[in-house]
Structure formats: structure tokens, C-alpha cells
Amino acid sequence: MAKTKEAVPAVCALLESDNEEYFSGAIETLGKIGGSREAVYITEFLAREDLTVQQRQSLVRVLGELHAVETYDTLVEYAQDEDENAFVRMYSAEAIGMMEKAEGEEVLIALFESDNPNLRQYVIRGIKHFKNKEANDILIQGLKDNHYKVRQEAIAAIQENAVAEADEYLIYRAKNDPVQAVKNDAIVSLAKLNTSKGNEYLLSQITEKKVPDAQKSRVAKVLLEEGRGVSEIVALAKETVKDDRRKQLRYALGKEMAKYENQAFGDIALDYLKSKDTSTIGTGLDMWAKGRYANCTDEVNALADKADLNAKNKNQLAIKAARLLGRDLEKQSEEKAKEREEKEDTKNAKKSGFGDAK
């Protein structure tokens, strides 16, 4: 670390360079290796009138990374100045939160009343560092914001801070938000929070008939990532195996189940393998490959028996099964070639004998 600190003066010197490329690299490095002294230096550097807007934005952002409370008053001044560049205000708000000074929370609460949605978004990024009731109230308020970026930022912060009391608001967003991306984020956060209300809602998306298949697929993915809803998802997958109108959901569920080894997937993997649809069989092979379920072994072996590298119309699924089983495909294909030759010889011999008799 000492050698790293020794590099600080050289890095600061690069800030004085007129080369924008050097400036960007220097400020990024300073955010990683600098300390309080460098933060004060940056604050003084910000007073220069020859800085571009982009340079000022970068400098303010680094002040937050340095967590230097010596620069707190300057950042508050920037954040509260309505004539200041919007991005400088935004990054200042985030930096104030990163410093975690108690008085900074009230500053951010007041800034959240701004008409600028981008500033409100960065207030969320800042205030999440306080992790108390007042901060959580702002995060929940952010879920009700009229701008989708603020709602998304609030969802991310609620997930990060495990704000369980926000589950009802997340459910509302998952059901009613006009922006699909926000709905998707709310679903992920509900799964991560793992509250009884949230889980009840998510499972209902799997079991209720009226829920669109696209929604069922999204919810199944996040539930499986958390190791929940397995029996409900397996039951849903079994429904799709019997209904070719729902192939897309069948494939999506199989793809997700194939990511995990779970003995509860053995029966549905076998159902996939016994399907007449090639994509379904392929997905079943993926599921078996992950879990090596004993009840599927005979089906996989039977499929692998059909593998032949020399066939005119190669059975790619059979070849895949054989490779998954670790078979010697070259040897198996040679044996099949010999079998074909023997059958052809027998066939020709019969034709020849029949012709002589005639």
C-alpha cells in the first residue's frame, strides 16, 4: 500500500495536464488510492474556471468514492445549487450519502423534493447508505415516483438493503407498473426479499391459470434462482409437456431447470426426454446432464444407441446423448458401419441366389 501512496503526487500532477485522456485516468486512479488530503486537493481543484463540465462531474464523483468528510460542505453546496450543472448535483447527492454523515440524511430528504427526476434518482443512491427508517421511507416513496428511473433505483436499493416492509409496494409495481422493466425488477426483488407476502404473490403467478406464460417464465426463473417454488414449477412444466401450444414456456422452464441439480427434476426430465419434439428432448438432455437422474438413464442410453457419425442423416440428439455418456463415438460408428455392410452383403447375396434359381 505504501508504494501505491507514493504514486499519489504523480497522479495529481496528471490532473494538471491538458490531455483529457490523462485527466480521466488520473481521476479514476485517485479515487482508488487517494485519501483525505487528496479529497481536499480535488475540492480546491474544482474551483478552477477552466474545467470542462465533464471534468467537474468526474471530480465530484471521486469525492464520494474517497468518503472524505472534509469535502462535505462543498458537496452540499453543489447539490443544493439549482444553477449548478445537473450531473454535478446528482453526483454530489450520491457522494453525500456515501459519506454517511448524520446531517447528510436531512439534506438528501429535502433534495428528494426536486422536480428533476435524475436528481431524485441519485438521492436514492445516496440515502440508501443510511439504512434507517427515515431512509427506508424515502426508498418506498421512490417506488411511487412518476419517473421509471427513480422507481428502478428505489427497487434496487430496497433489494440491496433488504427492506422487507416494502414488499406490498413491490407487489403493486410487479402487477401494475406501466414499464415492463420495472415490473421485472420488482419480481426479482420480491424473490430476493423472501417475505411471506412476496412469496405468496410469486407462487400465484406460477399456479393461477390466467397469468400469461411470459410472466410465468419470468417468475419461475427468479424463484429457481432462490431455490423456491420447485414443486409448483415442476407441475407447470408437466402441463406444458402435454400441450404443444405452450412449447415456448416448456422450453423456457426446462432451460431454467437445467441450471440446477435437484432430484425433484428427475421425473420432469424424463417427460422431456420422452417427448416427440426434438427441442424438448434436447432440453431434457440438458436437465439430465446437470443432475444425472437415475430414472432417465435408460432413456438416455437408448437415445445414445442411435448415434452414428457416418450416417447420412445424423441424429444430433443421439450424438449429444452419447457424448454426455462418454461413449467412444468413433468406435460405435464403425460398428454401425460394419452392421450396414453385413446387411448389404446379405441382401445382395439373397438377390443373387434368387436370380440363379430363376
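Above: the structure in question.
Presented here is an overview of the structure given in this document.

Rules behind the numbers
- Residues numbered from 1 in each chain as written.
- Predicted model: local features only at pLDDT ≥ 70, side-chain atom pairs only at ≥ 80, totals over all residues.
- Heavy atoms only, no water.
- Helix = DSSP H or I, 4+ residues; strand = E, 2+ residues; numbered from the N terminus.
- Buried < 20%, exposed > 50% of the residue type's maximum accessible area, 1.4 Å probe, protein only.
- Contact = heavy atoms within 4.5 Å.
- Areas by Shrake-Rupley, 256 points an atom, 1.4 Å probe, with all protein chains shown as cover.
- Phe/Tyr/Trp six-rings, centres within 6.5 Å; stacked < 30°, edge-to-face > 60°.
- Arc of directions from axis to C-beta.

Regarding the overall build of the protein
Reasoning step 1: A tally of regular secondary structure across the protein gives 22 helices and zero strands.
Reasoning step 2: Each of the 358 residues in the protein was classed as buried or not, and the buried ones make up 46%.
Reasoning step 3: Taking contacts inside the protein between residues at least 6 apart in sequence as the whole, the part at least 24 apart equals 59%.
Reasoning step 4: Surface summary for the protein: the accessible area is close to 19200 Å², and the carbon and sulfur share equals 47%.

Here's the deal with the packing of aromatic side chains
Reasoning step 1: For the structure shown, the criterion picks out two aromatic pairs.
Reasoning step 2: Each ring, one from Phe 87 and one from Tyr 91, has its centre 6.2 Å from the other, and the planes form 45°; the classification is tilted. With Phe 87 and Tyr 91 both in helix H7 (residues 86-99) and four residues apart, the pair spans about one turn of that helix.
Reasoning step 3: Ring geometry for Tyr 91 against Tyr 122: centres 5.5 Å apart, planes inclined by 70°, an arrangement best described as edge-to-face. Taken together, the positions of Tyr 91 in helix H7 and Tyr 122 in helix H9 (residues 117-127) put the pair 31 residues apart, joining distant regions of the chain.
Reasoning step 4: Ring-pair connections join several aromatic residues into one group, and the members of that group are Phe 87, Tyr 91 and Tyr 122.

Re helix H4 (residues 36-45)
Reasoning step 1: For H4, the complete set of buried residues consists of Glu 38, Ala 39, Ile 42, Thr 43 and Phe 45. All buried residues of H4 lie within an arc of 160° about the axis, which places them on one face of the element. The exposed residues of H4 that point more than 90 degrees off its buried face are Arg 37 and Glu 44.

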